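Topology and contacts: notes
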Amino acid sequence: MGVKMSGDGFKINTEQRARFIADGVPPERMPLVVAGTDVTESQSNTYALDFFDIETEDELHDRFPGVHRYLFDHVKPERDENDREQYRLNWWRFAEPRPRLRAAISGLRRYIVTSETATERFFKFIPSAGRLVDGSVIAIASDDPYVLGVVSSTAHTVWALRAGGRMGSGDDPRYQNETCFDPFPFPPSVPELEQRIRIAARKLDRLRRKVLARHSDLTLTALYTTLARMRDAKGGVLDPKYRSIAERGEVSLIRHYHQQIDEAVAEAYGWPRDLEHEEMLVRLVALNDERAEEERAGQIRWVRPSFQAKSLRKKPAQVVLQLRRGTKAKKVERDWPSALPEQVVAVASVVARSAKPLAPKDVARAFKGKRASTVAPVLDALAGMGMVRKLEDGRYAA
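Note that the structure is a prediction, hence the values are computed from the model and not measured. Just so you know, the residues in each chain are numbered from 1, in the order the chain's sequence is written. Residue-level local features of this predicted model are given only where pLDDT is at least 70; pairs of side-chain atoms are given and counted only at 80 or more, and the full residue set underlies all totals for whole chains, interfaces and linings. The basis for the side-chain values is all heavy atoms of the structure; hydrogens and waters are excluded.

1. Comments concerning the pattern of salt bridges
Definition used for salt bridges: Asp or Glu carboxyl oxygen within 4 Å of a side-chain nitrogen of Lys or Arg. Considering all chains together, one arrives at 20 salt bridges under this definition. For Glu-59, the salt bridge identified is with Arg-63, shortest N-O distance 3.1 Å. Here Glu-59 and its partner Arg-63 are both found in helix H3 (residues 57–63), 4 residues apart, which amounts to about one turn of the helix. The classification of residues rests on relative accessible area computed with a 1.4 Å probe and restricted to protein chains. Under 20% of the type maximum is buried, over 50% is exposed, and intermediate values are partly exposed. Residue Glu-59 is classed as partly exposed on the basis of its relative accessible area of 24%. Here a helix means four or more residues in a row that DSSP labels H or I, a strand means two or more in a row labelled E, and each is numbered from the N terminus.

See the structure below:
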């Protein structure tokens, strides 16, 4: 998630930015703000005064007196009313400057973003230089088109829609790193298929950028809403509004590149191409459980090894786990997740891995100190969503 400013006074327009530059403020101190609507719609011309590394008010006054004066007038009054002492004391800095995100994207030419809430889920690259994502944007610190392709696949979309929940007055799907990206099991590493995904994602990225540059009235939301209607349209017939967007936005070609990504991703997982969405989810949940056991054994599959693993003294072995049909998993008693989406994933994985139907008490045994009364509501919710079957005798099966 991007920065949390906690003060609209940090935001400036193009003219204000030009005046600060004329006053000697480096342009990189005033990056373009990328909000969720800037990902889904057109990019606005909003910038932010970013002085996250200035430790004291005196330092800000000495180095950038004009900025100090501006923030004192436009940010400090609001911060003085904040309940959190740290926010009041460090009023010239963003409330949450996200140093880990800054470190993660440092050295990258671009990285992947998606809006936290969106009617249509899609991902795109944005340049690292001169940009700053705010708290309504989820960032994935990778410049690899392969990663863009996997998160743009139907497999990941199905996972994210179920795990992320919904938010806002429109009840729009919500994407969260903790439940949608971090636990998502990427396909096993197959270099040839990774390259196919990478090539298709690169073509998709280039096409979308070309279309949006050519037609200023089009947005990614418009393109993907039209794509959804094309998939749902009986006989492939669209009404005039969406037919125009489809033609000018080359949505058929966008759909083609997504199909190429989906086919390569399915092949990497070892799935048939026409797998139903619910079956995808069941298999992903089971694979997530397998990966969790790997990580407990110190075998971690990094998405970006050069960054993610460098803080560890000993880099865990990175092996490809070959699953065999009929292999019985070692029983591991797990901690009960605190968040509901993670509880859903955990319980579904227990049922999916079982060769026979399970009663709530059987599922509860997979978790430390839990009883049937704890897991039963989650099992009923899974049954309601069609992720498990509730049998007449009260047991549950995948």
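Now, onward.
2. Notes on the packing of helix H11 (residues 191–214) against helix H12 (residues 220–232)
For the pair H11 and H12, interaxial distance at closest approach is 10 Å and the crossing angle is 115°. Where H11 crosses over H12, the two elements pack in a sense that is right-handed. Mapping the contact onto sequence places Leu-204, Arg-208, Val-211 and Leu-212 in H11 and Leu-220, Leu-223 and Tyr-224 in H12. Classification used: nonpolar for Ala, Val, Leu, Ile, Met, Phe, Trp, Tyr, Cys and Pro, charged for Asp, Glu, Lys and Arg, polar for all others including Gly. Class assignment of the residues belonging to the contact of H11 with H12 gives a composition of 6 nonpolar, no polar and 1 charged. For helices, the fitted axis covers only the stretch in contact; all axes are lines through C-alpha atoms, and the angles between them, taken along N-to-C directions, range from 0 to 180 degrees. A crossing counts as left-handed when the near helix is turned anticlockwise from the far one by less than a right angle, and as right-handed when that turn is clockwise. Contacts between residues were defined by any pair of non-hydrogen atoms, one from each residue, lying within 4.5 Å.

3. Section: the pairing of strand S4 (residues 110–115)
Most of S4 is tucked away: 6 of the 6 residues are buried. DSSP calls a pair of strands paired once it identifies at least 2 bridges connecting them. Bridging between S4 and strand S5 (residues 124–127) involves 4 bridges; their strand directions are antiparallel. Bridging across to S5, Val-113 finds its partner in Lys-124. In this sheet, strand S7 (residues 137–140) lies alongside S4 in antiparallel orientation, the contact comprising 4 bridges. Bridging from a neighbouring strand, Ser-115 pairs with Val-137 of S7.

4. Considerations on unusual backbone geometry
Of note, Ser-6 is a non-glycine position whose phi angle comes to about 60°, a positive value. When you line up the elements, Ser-6 lands in the segment before strand S1 (11–12). Backbone geometry at Glu-250 places phi at a positive 50°, although glycine is not the residue there. With respect to the helices, strands and loops of the structure, Glu-250 is situated in the loop between helix H13 (240–248) and helix H14 (251–269).

5. Side note on the nonpolar core
If you look at the biggest cluster of nonpolar residues, it comprises 85 residues, and the most contacted ones within it are Val-133, Leu-223, Val-363 and Phe-367. The greatest single-element share of this core, amounting to 8 residues, is contributed by H14. Val-33, Leu-49, Ile-54 and Leu-71 belong to the second largest nonpolar core, which has 24 residues in total. Only buried residues count toward a nonpolar core. Its members are Ala, Val, Leu, Ile, Met, Phe, Trp, Tyr and Cys residues joined through side-chain atoms within 4.5 Å.

6. A look at empty space enclosed by the protein
Only protein atoms enter the 1 Å grid, on which a cavity is a set of points fitting a 1.4 Å probe that cannot get out and a pocket is an open set with protein on both sides within 12 Å along at least 5 of 7 lines, lining residues being those with an atom within 4 Å of a point. Grid points are joined across faces, edges and corners, and a volume is the space filled by probe spheres set on the points. Under the counting rule described, the total for this entry stands at 1 cavity of 30 Å³ or more. Looking at the largest cavity, its volume works out to about 40 Å³. Looking at the largest cavity, the residues that line it are Trp-159, Arg-162, Ala-163, Leu-281, Val-285, Val-344, Val-345 and Met-387. Ranked by residue count, the leading element in the lining of the largest cavity is helix H9 (residues 154–164), at 3 residues. Partitioned by chemical class, the residues of the lining of the largest cavity number 7 nonpolar, no polar and 1 charged.

7. Points about the confidence of the model for the protein
Each residue carries a pLDDT value, the predictor's own confidence for that position, ranging from 0 to 100. Taken over all residues, the pLDDT of the protein has a mean of 86, while the share at 70 or more is 87%. Note that pLDDT drops below 50 for residues 311–331; the model gives that stretch 27 contacts with residues more than four away or on any other chain.

8. Comments concerning the environment of Asp-80
Relative to the elements of secondary structure, Asp-80 occurs in the loop between helix H5 (76–79) and helix H6 (85–89). Sequence separation between Asp-80 and Trp-91 is 11 residues, and the spatial gap between their C-alpha atoms is 7.9 Å.

9. A short note on the sheet that holds S4
As a general point, the strands of a sheet are linked pairwise by backbone hydrogen bonds and lie either parallel or antiparallel. Spatially, 3 strands are ordered S5-S4-S7 in an open sheet, and the strand pairing comes out antiparallel. At either margin of the open sheet sits one strand with a lone partner, and together these are S5 and S7. Strand-to-strand twist of the sheet, defined as the mean angle between neighbouring strand axes without regard to direction, takes the value 45°.

10. Side note on the packing of aromatic side chains
Working definition: rings of Phe, Tyr and Trp (its six-membered ring) pair if their centres are within 6.5 Å, and the pair is stacked with planes under 30 degrees apart, edge-to-face with planes over 60 apart, and tilted otherwise. Scanning the entire structure with this criterion turns up 13 aromatic pairs. Taking 5.6 Å as the distance between ring centres and 90° as the angle between the ring planes, the aromatic pair formed by Trp-91 and Trp-92 counts as edge-to-face. Looking at Trp-91, the relative accessible area reads 2%, which means it is buried. Owing to a relative accessible area of 3%, Trp-92 belongs among the buried residues under this scheme. Every member of this aromatic cluster is reached through a ring pair, and the members are Tyr-146, Trp-159, Phe-181, Phe-184 and Phe-186. Put simply, a charge is over a ring when the Lys NZ or the Arg CZ is close to the ring centre, within 6 Å, and near the line of the ring normal, within 35 degrees. One cation-aromatic arrangement involves Arg-102 over Phe-52; the distance from NZ or CZ to the ring centre is 3.7 Å. Geometry around Phe-125 places Arg-110 over its ring, the cationic atom sitting 3.9 Å from the centre.

11. A closer look at the environment of Leu-281
On the secondary structure map, Leu-281 appears in helix H15 (residues 277–296). For Leu-281, a relative accessible area of 3% puts it in the buried group. Not counting residues within four places of it along the chain, the set of residues in contact with Leu-281 comprises Val-158, Trp-159, Arg-162 and Met-387.

12. Remarks on the side chain of Arg-29
With respect to the element layout, Arg-29 can be found in the loop between helix H1 (14–22) and strand S2 (32–34). Ignoring any residue separated from it by four or fewer positions in sequence, one finds Arg-29 in contact with Ala-48, Leu-49, Asp-50, Phe-51, Asp-53, Ile-54, Arg-63 and Phe-64.

13. Quick word on the packing of H12 against H13
Contact geometry of H12 with H13 gives a least axis separation of 9 Å together with a crossing angle of 115°. Between H12 and H13, the angle falls in the class roughly perpendicular. Handedness of the crossing formed by H12 with H13: left-handed. For the pair formed by H12 and H13, the contact residues are Ala-222, Leu-223, Thr-225, Thr-226, Arg-229 and Met-230 on the first element and Tyr-242, Ile-245 and Ala-246 on the second. Note that the term roughly parallel is reserved for angles under 35 degrees, roughly antiparallel for angles over 145, roughly perpendicular for angles of 65 to 115, and oblique for everything else.

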